[in-house]
Each structure stands twice: as structure tokens, then as C-alpha cells.
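What follows is the residue order along each chain.
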Amino acid sequence: MSICDKTAIVGIANTEFSKNSGRSELQLAAEATRDALADAGLKPSDVDGMTTFTMDNTDEIELARAVGIGDLRFYSRVPHGGGAATGLIHQAVMAVASGMAECIVCYRSLNGRSGHRYSSGVSGPLLTADAIHWGWYTPYGLMTPASWVAMYSQRYMHLTEQCQEAMFEIAHVQREYAAKNPAALFYEQPFTLDDYENAKRIVSPLKLLDCCLESDGGSAVIITTAERAKDLKHKPVAIKGVGQAAAANMESMTSFYRPEIAAIPSMDIAAREAYQQSGLTPDDIDAAVIYDAFTPIVLWQLESWGFCESYKAPQFVLDGALRSDGRLPTNTHGGQLSEAYIHGVNGIVEAAKLVRGSSVNQPAKHIENVLVTSGVGVPTGGALLGSL
Amino acid sequence: MTPEERQAFEEELYTFVGRPLHPEPKRSYDAVNEAMIRHWAEVMGDKNPAYTNAEWAASSRRGELIAPPAMMYAWNQEGYAVAAEGRPSDGLSDLVAYFDQHGFTGSLGTNVDQEFFAEAKIGDALFEDAIIEEISEQKVTARGRGYFLQTLAKFTNQSGELIGTQRFRVFKFIPPEAPPKAAASGASEELEVPTRIHAPRGQDNGWWWDACDEGKVLIQRCKNCQTLRHPPRPMCGECQSTDWDSVQSTLDGEIFSFVEMHYPKFPGYKYPLIVAVISLAEGTRIISNVVGIDSQDVKIGMKVKGKVEQVDEKTMLPQFYPVEA
């Protein structure tokens, strides 16, 4: 497929240019975006994708929230300073031509004279929208991943039954898998309910064994065309669908301003996208690798991907669903709680092994399709892998 | 240490494992006796009559006094001379010197494990036979980088009966550099007390923190459509206007969710530390601390009232208190 004539630029805008804008880079980006949308005759809610430079100081989600853009299902960044300029078009064209998104804002703003001047070299502090964002939490002491996730968890526990028991089940099942995985940091080290309950408190309601490892390591996967894949060494693992999303009113880890916070709307959108692309339904998924920086986040993702109803994940888990002989064997490598924390990419490796049939804890049943997800609390995503 | 130096250091280091501390079992300086037992029991506050009450002990199932088991190692302990003259050279002091020569000058006794097999009675002589049992791989701890070493001492009496064993662990480490002294210009040598980590103040949020410094919590309001928004941002997401002003919050609120921070603890913060998402009466939310209440009494839905307070030398923050029902 060629991208020729598949996409077009429909709106353009600049702010004024000056030696001192008198306002933030976030505001400049917001004004340019607003005016480009007006030029196109589009509304903020029509936008579903964004792309910019890795060097840009304004987060996509900060800009989306400022302008009133809703759910995003595509975002990407291009490196190498000014070398990124038409890279934004490159990203946008691929996303729109392939159907991953429909309407993309390419943006860049900088106070390159009154703020950080490139002529000053690679020195000096940067006052970024992201740094300002964390400043709403650090003075109160809320500044660790466990603390942000605990805030959602407390709310989820308030709205569900048997959440604590389900958190233990998740940690315990995964440790059982890891105990049988020679590559896992917790190989041959199972734990008991007593160990779990008596472990150090990290941020209530989370205790030590609810939290993932911190580990050194690397993981990689290679992706090529289905055509080439057929001629290579192993059984191909097809990508059936893949979604990414940043739901409306998003902050990085601290989206505490939505009507309800005991849910992850970004993952709901990513799941919808991936199911649509693949034509699969939750019933078609045989096993999963679900991002597990902390035990409660596994529960919310089970709901996002439709394995159970909202606020019913604890019962689903307590029915033994995540075990090797359960409805959805999950994190069979031990996960990031008990194998290693390689930011979810060791999970992609495990998901591919499950499709190949070569997991160290390969379930007895036939595995056709496997879900693998990204970290939550931030803009997130997930992929459905299966046999070609 | 370069990797090569470290390898050479460790090669020699691990040759210490298994070495005896003394050329032959070291005999206690005194036989087990009532006077030393009485001193020990007094200092420890141990009132067990089996140690000090001869009359009681005579009628007990043992028929005589015994030494407190935990006192086992004391009989062979070097005396006050150590303070003045230093420890006599033995297997352990050679190892300690080896560590010291390579910069691992810090010492921290970490734990002692004792096991008891028989009782020491008045008149017994105790013999200590000790070795360097284990040296760990290099570890990085809060105290610094170093190695745990463990000695194993076996105590027997004059008939060769095993009284007990003691394992003693010491961490030998490179102590961190001393904090730099205040500038030579006669500046105060008092340590600066850490304060909370502040928000960087930029064009979109500086005004909010400036008002907080003056004791007010403001909520940004769109001048075009009157929508309130927090945290502040430069454009209204409803109508895309960049014109805004603000209203002052009454700080009447309700707890929407909360956490208690346990680990890690950060310098400059007071614990117990509760952080909550608070729904304000105006309709926006704010993240803040809940204070003046035991952590186990905090509940979702609880009414709270905030006031801006000075929480440390440099920081003004809203803090929320429970509202009495």
C-alpha cells in the first residue's frame, strides 16, 4: 500500500512571533492548536491524535486538556531537534492512512528567546509543563508511583468487595509462576498469606508484595511483515490488534479530577480499538500478560478488556481465573511483581512465547490469542497477539 | 577501585573465610562465678532467681545456680585494656585491618544469633573456639558500600561439652564523605533543615502559589464562560478562551480518596503523612494533606475544612482538618 493521496493538511496556524511572548510554551501551543482547528473548521473534540518533537516541553496530554481535546488514540514523538519537523507529517500520515487515527495535531512551540536559548548550549533548568504538573503533588508528599496508584486503589476498594483478597491472589499466583521460572528473580521463592500480610507497608493500602520489582535487564522483540514471518525460524506471532489511548482529562499518574477515579478510561479506549481491529472478543482471548506494577492495576485492566463487569474483577480473580487451569492464565512468567520489571517489554516476550507454546509455564489448554498490556495511570495501550 | 583492583582485593579477602580467631581455644579469664552473674543480672534487670538466689536454686530442679545463657560470650570477653591498648591481634583484627587499609573503615555491628545447648554452672571454665565463618558479596546499603562478615564462636566447658554458639555479623563499609563544611567566610555551621519539595513556579501556575504564600487558595475561572478549573492551565477547555480570573475557595471539602505514606520517608515531611483527593464545595478538586486525625479514622466521604498554614520554614500549604459531626 502507498500512502500517496491518502491524507491531507486541512488547517494551519501560527501565533505571533516575538523576542518575549510573555506566556508559557503550553499556552503558545494551545493557541496555535485552537487557531489551526478554527482554520480547518474543526472542533477540539474532532482531534484524536497528536505528534510533536521529543524536544518539545509540552506534554500531549497537558495540551489536550488545555484545549479541551477529548480522548486520544494516537500520539508519538520524533527525535533529533529540527530534524523532526517533517517527521511530524511522517507520523501523522502513517497513523491516518492506516486508520489508527483520523485527525492529528502536529505541534511545536518554544520560548526560544525569552526562555531556554539554544545558543546557551545544553545547560540551565527547564520550566516544563510536566515539572509544573508534579508541583501540585510534591509539596504534600505524594511523589512515588506507589502513592499515585494507592490513591486510585483506595477508591476502588471503597466501591468493590473482596479487593484485598484479590490483591493477594494476584501477587500469590504470579509468585507461584515465578517460583517455577528459572529466569525469574523470585525463582524457587514462594510466599505465604502470612508473609503477604506481615510485609512492610509502602503506601496504604499497598504493602510490599503488592509492588513490582526494581530490576536491571533488557528485552526486545522484532516485528516484520507477515509475508517474511512465514519464512523465518519460529511460528509467527501475529499482531491482531493494537490500541493506545489517552482519555480526556488525563494527567500523568495523577488523573484525580475525573468524575470517578476507580477506573482507567484510557485502557477502555485502547481495548475497544484493539478488539475492533482484530475482530476478536474477550471470549477469544485464552491467556494474558497484564501490566502489573502494582496488584490493583491488574483488576482494573481485566474490567477494561471486558473479562468481567466493572467493579467485579475481584470475584473474577478469586474464582481462580489467573491460574494455569483458569479462564485466563495471566502473567505466567511471574510478571513484573515476581519475574522482573523491564517496563512491560518482558511481558511482550512472554505473550509471544504463550502464542508459540513455549512459555516456561505454558498452560495445558490450547492458546490461540493472547492479550498484552502497557502500564496504566499514564496514557496506555494494549495489543492482541495470536497465531498467523 | 577499578574492577581489576576490586578483583584482587576480593581474592585475598575471601581467603580469610574459615580462618580461626585464636590459635587455640581461648579460656575464660575467670571461672563462672556468682559476683559477675549478679552484676550482669542487675544491669540487664533480670530478676530470675535461678541466677542469683542460691537458696532458691538449691531447692529448684537444677539444685544449683546457673549463669544466664545470654551471658555466655562475656566470660571470654577482653576487658577494659582494649580501650587503652587496643585489641590483641587475632584472626578478626587482621581482617578488620585489611578492610581498613582498603578504605572500608566504617564498622556497624548488625546482628547476633545465639544458640544454647547446655547450662554454665558456678566454677565452670568456658573455652571459646571461633572462626570467620562468612564474608558476603559486596553490598550497597544506606550506610555505604561494603561487606558483611560473620564470625562463629563455639563455647565449651572444661569437659568439652558444647554450651552454645554465637554468630556475630558486622558490616564493614566505606563511609560516605563528610558533608562539606560551610564556606570559610564564617558562615553558620548549622545544618540546613530540609523543607518540603516546592512546585516550580511558571507563567501558568506561579500566581496560584503566590496567593498560597499569602494564605489564600484560589480557583481559576474562565472569564468568558465562568467555568472553574484546577489545576490551573492557560486555556479554557470548554470555550477555548485564554481570559481568566479567580475566586477564593472557602476550603470546605469532602475526602474523595486518600493514602497514607509509609515508605520511603522523605526528609522535610512529617509522618504519619496522609494525602487526600478532596472535593471542594466549589466543585473542583484539590490534592492536600489531612491532619489532626489518626490515620485509621480517615474515611472516604468525611467532611473536612482547610486552612493555609506554614508547614515548615519555607512552605505555606493548605492543610485539611476533620469537621466535627
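The written sequence of each chain sets the order in which its residues are numbered from 1. Both sets of labels track the order of writing: A upward for chains, 1 upward for ligands. Only residues with pLDDT of 70 or above have their local features reported here, since the model is predicted, and side-chain atom pairs are shown and tallied only from 80 upward, although totals for entire chains, interfaces and linings are computed over all residues. Excluded from the side-chain calculation are hydrogens and water; included are all heavy atoms of the structure.

A.B. asks: Which parts of the structure should I look at to understand the interface of chain A and chain B?
C.D. replies: As a measure of interface size, the accessible area lost when the parts come together is often cited. We call two residues contacting when some pair of their heavy atoms lies within 4.5 Å. Every contact between the two is made by 45 residues of chain A and, on the other side, 45 residues of chain B. Interface area for chain A against chain B, summed over the two sides, is near 4000 Å², with a carbon-plus-sulfur share of 66%. On the chain A side of the interface with chain B, the three residues burying the most area are A:W136, A:P139 and A:Y140, jointly 21% of the side's total. Basic side-chain nitrogens of Lys or Arg form a salt bridge, by our definition, when they fall within 4 Å of a carboxyl oxygen of Asp or Glu. At the surface where chain A touches chain B, the tally comes to 0 salt bridges. Whenever a nitrogen or oxygen atom comes within 3.5 Å of another N or O atom, the pair is scored as a polar contact, on the condition that within protein one atom can donate a hydrogen and the other can accept it, and that pairs from neighbouring residues in sequence are kept only if both atoms are in side chains. One can count 20 residue pairs in polar contact (both at pLDDT 80 or more) joining chain A with chain B. Numbering of helices and strands runs from the N terminus; a helix is a DSSP stretch of H or I covering at least four residues, while a strand is a stretch of E covering at least two. For the side of chain A that touches chain B, the elements supplying multiple residues, two or more each, are α1 (25-40), α2 (60-67), α4 (129-134), α5 (145-159) and β4 (201-204) of chain A. Counting residues per element, the side of chain A that touches chain B draws most heavily on α5(A), at 6 residues. Looking at the side of chain A that touches chain B residue by residue, the class counts come to 22 nonpolar, 13 polar and 10 charged. When β4(A) meets strand β10 (residues 252-261) of chain B, the two strands line up antiparallel, connected through 2 bridges. As a working definition, buried area equals the accessible area (1.4 Å probe) given up by two parts on being put together, with both sides summed. Amino acid classes used here: Ala, Val, Leu, Ile, Met, Phe, Trp, Tyr, Cys and Pro are nonpolar; Asp, Glu, Lys and Arg are charged; the rest, including Gly, are polar. At least two DSSP bridges between two strands are required for those strands to pair.

A.B. asks: Teacher, can you tell me more about the domain arrangement of chain B here?
C.D. replies: Domains are outlined according to an automatic or database domain assignment. The domain boundaries assigned to chain B delineate domain 1 (3-32 + 67-77 + 85-174) and domain 2 (206-322). For domain 1 of chain B and domain 2 of chain B, the distance between their C-alpha centroids amounts to 56 Å.

A.B. asks: What should I look at first to understand the domain arrangement of chain A in this one?
C.D. replies: Residues and elements named next belong to chain A. Partitioning chain A into domains gives domain 1 (25-134) and domain 2 (145-387). Centre-to-centre, using C-alpha coordinates, domain 1 lies 30 Å away from domain 2. With 11 residues of domain 1 at the interface, the matching set in domain 2 holds 19 residues. If you sort the residues of domain 1 by the area they bury against domain 2, I61, R65 and Y75 come out on top, with a joint share of 41%. Inspection of the region where domain 1 meets domain 2 yields 2 salt bridges. The closest approach of N and O atoms between E273 and R73, which form a salt bridge, is 2.8 Å. Applying the counting rule to domain 1 against domain 2 returns 11 residue pairs in polar contact (both at pLDDT 80 or more). If you list the elements that add at least two residues to the side of domain 1 that touches domain 2, you get α2, β2 (74-78) and α4. Tallied by class, the residues present in the side of domain 1 that touches domain 2 amount to 6 nonpolar, 2 polar and 3 charged.

A.B. asks: Just checking my understanding: could you explain the packing of helix α1 (residues 3-13) of chain B against helix α6 (residues 91-101) of chain B for this structure?
C.D. replies: Residue and element names in this part refer to chain B. Closest axis-to-axis distance for the α1/α6 pair is 11 Å, and the angle between their directions is 175°. In terms of axis orientation, α1 runs roughly antiparallel to α6. Contacts from A8, F9, E12 and L13 of α1 reach α6 at L95, Y98 and F99. A per-class count over the contact of α1 with α6 returns 6 nonpolar, no polar and 1 charged. Between N-to-C directions, angles span 0 to 180 degrees; the directions come from axes that are lines fitted to C-alpha atoms, helices contributing only their stretch in contact. By definition in this entry, angles of less than 35 degrees are roughly parallel, angles greater than 145 are roughly antiparallel, angles of 65 to 115 are roughly perpendicular, and the rest are oblique.

A.B. asks: Explanation requested: the pattern of salt bridges in the structure shown.
C.D. replies: In a structure, side chains of opposite charge can pair up when their charged atoms sit close to one another. One pass over the full model with this rule turns up 23 salt bridges over all chains. A salt bridge links B:E133 to B:R167; the shortest N-O distance between them is 2.8 Å. Of this pair, B:E133 sits in strand β3 (residues 127-135) while B:R167 sits in strand β6 (residues 162-174), and the two are 34 residues apart along the sequence. Throughout, exposure labels follow a simple rule: accessible area from a 1.4 Å probe, protein chains only, divided by the maximum for the residue type, with under 20% read as buried, over 50% as exposed, and the rest as partly exposed. Accessibility expressed as a relative area gives 21% for B:E133, which makes it partly exposed. With relative accessibility at 27%, the residue B:R167 sits in the partly exposed group. A salt bridge links B:K307 to B:E309; the nearest nitrogen and oxygen atoms lie 4.0 Å apart. Where salt bridges share partners, they join A:E16, A:R23 and A:E31 into one cluster.

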